[in-house]
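Secondary and tertiary structure notes
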Amino acid sequence: MLNLQANGLPRGMVQLPSSPPHLAHEQAAVPPAHAIPPFGSRIVVGMLGMLLAVIMSAVNLYSTDINGADIQGAMLFGSDEQAWSKGIFEAAMVIGMTFAPWCAVTFTLRRMALWMTGAMALAGLFCPLAPNLPIFYFLRGVQGLAGGAVTPLLITVALRYCPPHYRLYGFAAYALSSNFGPNMSLPIAGWSSDYGGVFGIFWNIIPFCALAMAAIAYGLPRDPLRLDRFKGFDLIGVILGAVSLAMIVTAATQGDRLNWFDSPLFAFLSVGGGILFVLFLLNEWFHPAPIFKLQILARPNFLFSVIGILVLVVVFLGVVVVPLHFLGEAHGYRPADAGNLALIIALPQLVILPLISGLLNIERFDCRWVFIGGLILVAFSLYLSTSLTSEWMRSDFYAIVTLLSVGEAMAILPLLMLVVADMPPDDGPYVSALFNSTKGFASVLIGTIIEGFGRWRIGHHSSALVSQLGQRPASYEEHLATLSDHLAGAIPGPGDRADAALGMFAEHIHLQSVTLAMADLYRLLLIIVFAMIAVTLLLPTRVYPPRSVAPPLSR
């Protein structure tokens with residue numbers, strides 16, 4: 001379904017060879033050109049509905065994640081049960097992203113979008129009403145699968161229905177799902193939990209999903225089913241892919257809690273999932289009609305795009321999650337209290353992304369340099385963040401996230417141009433499957449990095465601070481005496497004052513350790529961005545906007 005007609009390819013672009021005969025049924029899945037209705041207001045309504053559905057998928061993911069403690073308390077779950085709920089949801093989400101493009105070709109884009117949006121909303125309706133834990137797990141799995149399946153369909157809509165000269169604006173809509181949706185989920189998560197409790201956390205997406213379904217049903221054309229594609233169905237690949245991805249993602253979400261390889265369960269999930277994933281890749285390499293067409297990774301631009309989306313999602317989400325975690329630890333902020341930070345990133349995207357789309361539609365602007373410019377802005381915001389201290393409040397992050405907002409828009413759109421610029425018509429589903437499954441895994445990976453790397457650095461800094469105090473006992477005793485004097489008016493007993501002073505001192509050590517660890521996370525993200533800039537200078541080739549008259553591709 002994610003296909004470009006041959007006569008819609010930009011002039012000056014390298015036309016890759018057509019697919020071999022054993023993939024002819026994939027080309028047959030593309031409806032003839034005359035079957036695609038002219039671009040107009042009705043298509044725009046369908047695209048807006050698709051965009052709303054994808055944004056609600058992101059809101060559902062991050063809203064339930066941020067409010068995990070509230071869900072746990074309201075539904076009387078333990079921390080282990082809540083952690084498994086998160087793991088099930090995210091594993092199902094990645095699986096949905098991986099296999100949705102094939103399903104969209106087979107069952108049609110319109111049907112797939114309506115079914116998955118409806119399933120996401122319906123499962124959300126029943127989640128807070130679940131009578132027991134297994135049913136809750138099942139409902140969260142359905143939500144994750146449906147929400148993940150919705151995400152790849154937006155770029156499919158943009159590619160199929162947008163005329164070439166509007167296609168970059170369609171990419172801008174898809175880019176909103178990568179930065180606008182996750183950032184909007186933070187204030188929505190805060191408002192939902194504060195004013196609606198556990199029902200608000202799960203039900204906040206329902207009215208928007210209903211509106212999205214109405215727009216999709218009205219705007220997207222009805223295509224015929226392509227059930228003949230089951231003749232070449234890659235059943236072994238689906239089984240191996242789904243099971244291996246579920247095991248790997250579950251291991252990633254549970255690793256820190258299970259203490260990594262000290263846990264036999266984590267070792268089984270990670271090693272077993274890795275082996276099955278290798279078998280999945282081998283099957284895809286040799287299968288005549290695979291879910292993943294690994295050969296397309298030989299194209300420098302697509303390989304670069306897969307690396308790029310992994311890096312961008314990790315960095316973009318990290319820059320949002322780290323301040324939230326820090327402000328919660330240091331100053332007791334709830335999600336609603338930190339919502340302004342996310343709004344500063346999210347709302348300007350509605351203006352910046354269309355402007356960047358217009359810029360990239362001008363032939364003389366090389367999208368690779370626009371991408372590098374965006375990364376430089378992101379790197380500068382990360383550099384400013386490394387000076388984090390325990391006194392920083394919400395307002396200290398405003399300038400940093402403003403820079404990030406512009407940098408995000410400048411980076412994500414050129415990456416999408418490189419994804420599809422040299423894509424032949426029959427490779428659309430494979431490109432979408434690889435690109436979006438990588439994006440889904442990156443959203444899981446950032447949580448693992450923050451939990452694992454963050455805990456390690458907190459422990460390291462805590463030990464270092466305590467060690468330094470042990471080498472200077474006089475300074476340690478002086479600090480305790482000062483704290484005890486401050487507590488003299490509130491706590492009369494000297495013994496109680498000493499205990500309270502010791503507790504306050506331990507809290508101070510923890511706060512400083514968290515602050516230093518968060519600064520280290522910013523440094524790690526900064527190193528990743530610098531590495532991505534270096535890759536950009538070496539790997540991708542020049543591409544041109546749709547319908548431009550351009551010379552052959554060159555470095």
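See the structure above.
Residues numbered from 1 in each chain as written. Predicted model: local features only at pLDDT ≥ 70, side-chain atom pairs only at ≥ 80, totals over all residues. Heavy atoms only, no water.

Points about the overall build of the protein chain
Basically, it comes down to this: Each helix corresponds to a stretch of at least 4 residues labelled H or I by DSSP, and each strand to a stretch of at least 2 residues labelled E; elements are numbered beginning at the N terminus. Exposure is judged per residue with a 1.4 Å probe applied to protein chains only, and the accessible area is read against the type maximum: over 50% gives exposed, under 20% gives buried, and values in between give partly exposed. Two residues form a contact once any of their heavy atoms are found within 4.5 Å. Areas reported here follow the Shrake-Rupley algorithm with a probe of radius 1.4 Å; residue values treat only the protein chains shown as occluding.
Of regular secondary structure, the protein chain possesses 18 helices and 0 strands. Expressed as a percentage of its 555 residues, the buried residues of the protein chain come to 56%. Relative to all contacts within the protein chain whose residues are 6 or more apart in sequence, the contacts with residues 24 or more apart total 85%. For the protein chain, the computed accessible surface area is about 22400 Å², with 69% contributed by carbon and sulfur atoms.

Examining helix H4 (residues 79-107)
The periodicity of an α-helix, 3.6 residues per turn, causes residues three or four places apart in sequence to face the same way. What counts is decided by this rule: An expected span of 1.5 Å times one less than the residue number is assigned to each helix. A residue's bend is the angle separating two fitted axes: one through the seven residues that end there, the other through the seven that start there.
Over its 29 residues, H4 runs 39 Å from end to end, which matches the ideal 42 Å to within 8%, given 1.5 Å per residue. Remark: the principal bend of H4, roughly 45°, maps to Ala100, with a proline, Pro101, within the next four residues. Of all 29 residues that make up H4, 22 are buried, and the element is covered over most of its length.

Topic: the environment of Asn436
Heads up, the condition is: Identification of polar contacts relies on pairs of N or O atoms within 3.5 Å, with a donor-acceptor requirement for protein atoms, meaning one able to donate a hydrogen and the other able to accept it, and with residues adjacent in sequence counted only if both atoms are side-chain atoms.
Residue placement: Asn436 occurs in helix H16 (residues 428-471). What makes Asn436 buried here is its relative accessible area of 1%. Each C-alpha atom, one on Asn436 and one on Ile155, is 10.0 Å from the other, the two residues being 281 residues apart in sequence. In this structure Asn436 touches Met97, Thr151, Pro152 and Tyr174, once residues within four positions along its chain are discounted. A polar contact of 2.9 Å, which involves the side chain of Asn436, links it to the backbone oxygen of Ser432.

Side note on the packing of aromatic side chains
Aromatic ring pairs are defined here through the distance separating the ring centres and the angle between the ring planes. Rule in force here: Any two of the Phe, Tyr and Trp rings considered here, Trp counted by its six-membered ring, make a pair once their centres fall within 6.5 Å; the pair's planes then place it as stacked at under 30 degrees, edge-to-face at over 60, or tilted in between. Whether a charge lies above a ring is judged from NZ of Lys or CZ of Arg, which has to be within 6 Å of the ring centre and within 35 degrees of the ring normal.
One pass over the full model with this rule turns up 16 aromatic pairs. Residues Phe280 and Phe292 carry aromatic rings whose centres are separated by 5.4 Å and whose planes lie at 65° to one another, so their mutual orientation is edge-to-face. On the criterion of sequence distance, the pair formed by Phe280 in helix H10 (residues 264-286) and Phe292 in the loop between H10 and helix H11 (300-331) is long-range, its members being 12 residues apart. Here the aromatic residues Trp102, Phe107, Trp115, Phe230 and Phe233 are joined through ring pairs into a cluster of three or more. One cation-aromatic arrangement involves Arg42 over Tyr218; the distance from NZ or CZ to the ring centre is 4.4 Å. When the ring centre of Trp456 is taken as reference, the NZ or CZ atom of Arg457 above it lies at 4.8 Å.

Considering the pattern of salt bridges
In plain terms, the rule: Note on definitions: salt bridges are taken to be side-chain nitrogens of Lys or Arg within 4 Å of carboxyl oxygens of Asp or Glu.
The final tally for this structure, using the stated rule, is 10 salt bridges. Arg160 is the salt-bridge partner of Asp223, the closest N and O atoms lying 2.5 Å from each other. With Asp223 in the loop between helix H8 (206-219) and helix H9 (235-258) and Arg160 in helix H6 (residues 133-161), the pair connects residues that are 63 residues apart, well separated along the chain. Judged by its relative accessible area of 10%, Asp223 falls in the buried class.

Here we look at the nonpolar core
Quick reminder of the rule: Here, nonpolar core refers to any group of buried Ala, Val, Leu, Ile, Met, Phe, Trp, Tyr and Cys residues whose side-chain atoms link them within 4.5 Å.
Membership of the largest hydrophobic core comes to 145 residues, with the highest contact counts inside it found for Met50, Val315, Leu382 and Leu413. Dropping the residues within four chain positions of it, Met50 is found in contact with Ala113, Val150, Leu153, Leu154, Val157 and Ile216.

Comments concerning H10
Helix length check: H10, at 23 residues, gives a terminal C-alpha distance of 33 Å against a target of 33 Å (1.5 Å per residue), a fit within 8%. Residues of H10 that are buried include every one of Phe266, Leu269, Ser270, Gly272, Gly273, Phe280, Asn283 and Glu284, and no others. Those residues of H10 that are buried lie in contact with H9.

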